[in-house]
Amino acid sequence: MITVYGIKTCGSVRNALKFFKDNNIEVEFFDFKKETPSAEKIKDWTTKTDINILFNNKGTKYKTLNLKELNLDANAKYEWLCKEPLLFKRPVIEFNDKLVVAWDEELYKNTFLK
């Protein structure tokens, strides 16, 4: 099963969901606005991809929380992700014990259409 983590108002998430729908690939959607992934799940994700890929330091939430001034290290970024899921770069896609982060149509084609 493929799980797409994100928010419905995010353009990248919408692109990803449309890609799966257009290719008749069933996915489960996890809404970051309604729930937060467990600390264990986030820790697991950091073993599959770099925390700096997961952590969105370009988004509105990052700016409104003034996190740039804190010069966060990897551990601090992990702690922020555990309490504020809108800091994730979206979408986060979990499948077959792997992780794909962000919207990249070519990567999706090579990953999910083989």
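Given the structure is predicted, the values throughout are model-derived calculations rather than measurements. (Residues numbered from 1 in each chain as written. Predicted model: local features only at pLDDT ≥ 70, side-chain atom pairs only at ≥ 80, totals over all residues. Heavy atoms only, no water.)

An order of S2-S1-S3-S4 is seen for the 4 strands of this open sheet, with the pairing classed as mixed. Looking at the sheet topology across the chains shown, the edges are occupied by strand S2 (27–31) and strand S4 (98–101). Between one strand axis and the next, the sheet turns by 20° as a mean value, whatever way the strands run. Pairing of strand S1 (residues 2–6) with strand S3 (residues 92–95), which is carried by 3 bridges, proceeds in the antiparallel orientation. When the bridges of S3 are listed, Val 4 appears paired with Ile 93. (Pairing = 2+ DSSP bridges. Helix = DSSP H or I, 4+ residues; strand = E, 2+ residues; numbered from the N terminus. Axes fitted to C-alpha atoms, helices over the stretch in contact; angles between N-to-C directions.)

Along the chain, the position of Glu 84 falls in the loop between helix H5 (74–83) and S3. By relative accessible area, which is 18% here, Glu 84 ends up buried. The contacts of Glu 84, once residues within four sequence positions are left out, are Lys 61 and Leu 65. (Buried < 20%, exposed > 50% of the residue type's maximum accessible area, 1.4 Å probe, protein only. Contact = heavy atoms within 4.5 Å.)

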